[in-house]
Amino acid sequence: MKKVSLVVLDREKKEALKTLRKIGVVHLENVEGKGEVLAKYKNISETLFNASMLLAEVKVNKKTFKYEAVSNDVAFEKAKRVLQIVDRKKELFDQITNLTTELDRFAAWGELDPKDFAYLSEKGIYISMYEIPSDKMALIPNEIKTILVNSSKSITRFLLLSDSPDAERPEGLPPEAFAVVLPETSTSQIMQTIKDAEAELSSIQNEFNSSVKYLNSIDSYYKLLQTDIEFENIYSGMETDGNCEECTNALAWITGYVPVDSFEKLASTAKENSWAMASSDPSEEDAVPTKLKNNKLVSLIYPLTDFLGTVPGYNEYDISGWFLLFFTIFFGMIFGDGGYGLLVTVVSLLLLIKNAFAKKSSPALALVFLVGLATVGWGLVTCTWFGLTPEQLPDWLTSLSVKYISNVTPSDYLFHVFWNNDPNVGLTTANNLQIFCFGLALLQLSVAHIKGIFRNLKRGSLKVLGELGSLAQLWGMFYIVLSMVVSSVVFPLDLVVNDIQVGKIALGLIGGGFALSFIFANYEDSIIKSILESVKNIISVLLGVVNVFSDIVSYIRLWAVGLAGAAISNTVNTMAGPLMGHAIMFAAAVLLLVFGHGLNMILNLLSVIVHGVRLNTLEFSTHLGMSWSGFKYKPFSETVNK
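Since this is a predicted model, take the numbers as computed values, not measurements.

Draft legend 1. Local environment of the sheet that holds strand S6 (residues 178-180). The strand order across the open sheet formed by 4 strands is S4-S5-S3-S6, and the pairing between neighbours is antiparallel. The open sheet has two free edges, formed respectively by strand S4 (146-151) and S6, since each of these has just one partner strand. Taken over all neighbouring pairs, the strand axes of this sheet differ in orientation by 35 degrees on average, direction set aside. Examined bridge by bridge, S4 and strand S5 (residues 155-162) share 5 bridges and lie antiparallel to one another.

Right under this line is the structure:
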């Protein structure tokens, strides 16, 4: 990337931005726009977006439903109306709820009308409504004039007659008696208001549903408006040394980043339009966007990294190729079952063929096809097919498996090692699978440190010795993991093979690697400063050795999660097996198999996302020194990616 600054006349900056947007190669630094035009655009955009979200919830048959194309102005009016309808619906719901509650309050009183009470008051008859617990009714003195309305086991309702409209609560009236406030209108009017509100609610709901036909137009206007918002934000946010029409020589400027291979295009455009342009290499403090450039095969990983939102920093490694390679292997091992992989492969292949005829490209489908093939491959070498036992599979299929890690091999069978003559010492298939997982850890994490070695060699930095130390610790710790996790009998710490003291060499690699890392890991321009920095962070440095062990062991999840998936498959088959022999229960057995294996595939997919991605973005990235702190290169162009 090149950092560029463009300077134009303030009065020409709108045309300059249009030209800059047309060539579409400059990623502009963030600016904060202002002004009425930008505020107007944002308000319209917000209205369109909210209306679109609401209308998208209405279910329609997208294949048969006919959308209506309208102008942008009409689309905006329809969007505003949708929001008005939603607000009105809320008001009506609240009104109906409140009135229904009010109606329920007087349900036991019968029909009431405040006008009747007002009429009696004009005639000198003052009546109040009261309720009292039925067992307290007898406590009301006889001198208090009451008229019984009705009574239940719990509540008694009565009318209290007073001598004047301002009469206070009569003495002797039990405190349990409470006055019932009259409704504002008659209960019959409340019922009518509820009916009217329900009728209006039904009417505007129909209008809301019919507004779905404008959804495409609303969405189209929203997407178009994003370009206007971006343009206006930059236009109103450009720095300038003048802000008046009379200032004919006022200047405006903006800064951005352009890929090296597009720099000449920008330079020639600047020359043609008489813009002043300055360029330089980005500094470490600059927030530089990342533009990844890989071949079509490696680019298959982009749908996954886009989904995860992971972008390497500008000064970090582009590990797309390694990410794709190891993720494919991890997917196959975690998904585990060749039968599942075959289903994924066939379905994705059919969809790819369909897209090919429609002249559409889908990197995501291609990635699914690739990991499906990897799963089939893992199923072949381990003889894992829909959780079936080897006895249930044809001989030609079992013969394709690799005996050291195959389900065909009895779980207690021992593969003897040449350095131990004891017939009771050896490795089981489970041990071999664990070693395979740890071997993947050694390979992937070694790649991380080898990349670091080459980077520091190019820089001529002594940090290369620190990376060598880390690599040595990794290889030494690999043997410790084999000894402590796989088998301390097969891999003892005092192992000697052909006069080579393997265990001591492993411990020596760890000790020597630690010393190199301690001295050179923080090297900048002084060994003393590097050592002092390590001393300052001695706890983290010591824990770093433990982390190497845990990072290698972490890869055992590939075997463990795959084993769990295989166990679920086998359980489903065991449950469905007895039902298959009964004609009546055959359909239930098929449903059980479909549901059970389908659920297992979903769980396996979640496991891939959690574990397969983690090993790349955490363990591998940590050894690379990557923080995934970057952001994508998005040039200012006529098409805005939102």
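The discussion continues.
Draft legend 2. Representation of the packing of helix H14 (residues 463-486) against helix H17 (residues 538-554) within the structure. Where H14 contacts H17, the axes come no closer than 9 Å and their chain directions differ by 60 degrees. Accordingly, the angle class assigned to the pair H14 and H17 is oblique. Regarding H14 and H17, the two cross each other, and that crossing is right-handed. The segment H14 lies against H17, with Gln 473, Leu 474, Met 477, Phe 478, Ile 480, Val 481, Met 484 and Val 485 engaging Val 545, Val 548, Phe 549, Ile 552 and Val 553. Among the residues making up the contact of H14 with H17, the classes are represented as 12 nonpolar, 1 polar and no charged.

Draft legend 3. Highlighting the side chain of Thr 290. Looking at the secondary structure, you find Thr 290 in the loop between strand S9 (276-280) and helix H8 (302-308). With a relative accessible area of 8%, Thr 290 lands in the buried category. Dropping the residues within four chain positions of it, Thr 290 is found in contact with Val 311, Pro 312, Gly 313, Tyr 314, Gly 630, Phe 631, Lys 632 and Tyr 633.

Draft legend 4. Spotlight on unusual backbone geometry. The phi dihedral of Ser 274 falls on the positive side, at around 60 degrees, and the residue is not glycine. Looking at Ser 274, the relative accessible area reads 66%, which means it is exposed. Unusually for a residue other than glycine, Asn 498 sits at a positive phi of about 55 degrees. Of the residues examined, Asn 498 reaches a relative accessible area of 66% and is grouped as exposed.

Draft legend 5. How the structure looks around the environment of Leu 55. Here Leu 55 is to be found in helix H2 (residues 36-55). Residue class for Leu 55 comes out buried when judged on its relative accessible area of 0%. Residues Leu 55 and Asn 600, 545 residues apart in the sequence, show an inter-C-alpha distance of 35 Å.

Draft legend 6. Region of interest: the nonpolar core. Counting residues in each nonpolar core, the largest one holds 67 residues, and the members touching the most others are Ile 319, Phe 327, Phe 438, Phe 491, Ile 552 and Leu 558. Tallying contributions element by element places helix H13 (residues 429-459) first for this core, with 11 residues. Counting 27 residues, the second largest nonpolar core, distinct from the first, contains Leu 38, Ala 51, Leu 92 and Ile 96.

Draft legend 7. Region of the structure containing the pattern of salt bridges. Summed over all chains, the structure comprises 17 salt bridges. The salt bridge involving Lys 80 is made with Glu 77; its shortest N-O contact spans 3.4 Å. On the criterion of helical spacing, the pair formed by Lys 80 and Glu 77 is a turn pair, its members being 3 residues apart in helix H3 (residues 72-105). The exposure class assigned to Lys 80 is partly exposed, which follows from its relative accessible area of 31%. Close ionic contact of Asp 261 with Lys 293 constitutes a salt bridge, the shortest N to O distance being 3.7 Å. Here Asp 261 is found in the loop between strand S8 (251-258) and helix H7 (263-272), whereas its partner Lys 293 is found in the loop between S9 and H8, with 32 residues between them in sequence. Per residue, the accessibility class of Asp 261 equals that of Lys 293, and both read exposed.

Draft legend 8. Quick peek at the pairing of S8. Counted residue by residue, S8 has 6 buried out of 8 residues, so it is predominantly covered. When strand S1 (residues 2-9) meets S8, the two strands line up antiparallel, connected through 8 bridges. Opposite Val 8, over in S8, you have Ala 252 as the bridge partner. Pairing analysis gives 2 bridges linking strand S2 (residues 27-28) to S8, with the strands arranged antiparallel. Across the sheet, the residue bridging to Leu 28 is Gly 256, located in S8.

Conventions and cut-offs
Residues numbered from 1 in each chain as written. Predicted model: local features only at pLDDT ≥ 70, side-chain atom pairs only at ≥ 80, totals over all residues. Heavy atoms only, no water. Pairing = 2+ DSSP bridges. Helix = DSSP H or I, 4+ residues; strand = E, 2+ residues; numbered from the N terminus. Axes fitted to C-alpha atoms, helices over the stretch in contact; angles between N-to-C directions. Parallel < 35°, antiparallel > 145°, perpendicular 65-115°, else oblique. Left-handed = near helix turned anticlockwise from the far one by under 90°. Contact = heavy atoms within 4.5 Å. Nonpolar A, V, L, I, M, F, W, Y, C, P; charged D, E, K, R; others polar. Buried < 20%, exposed > 50% of the residue type's maximum accessible area, 1.4 Å probe, protein only. Core = buried A, V, L, I, M, F, W, Y, C linked by side-chain atoms within 4.5 Å. Salt bridge = Lys/Arg side-chain N within 4 Å of Asp/Glu carboxyl O.

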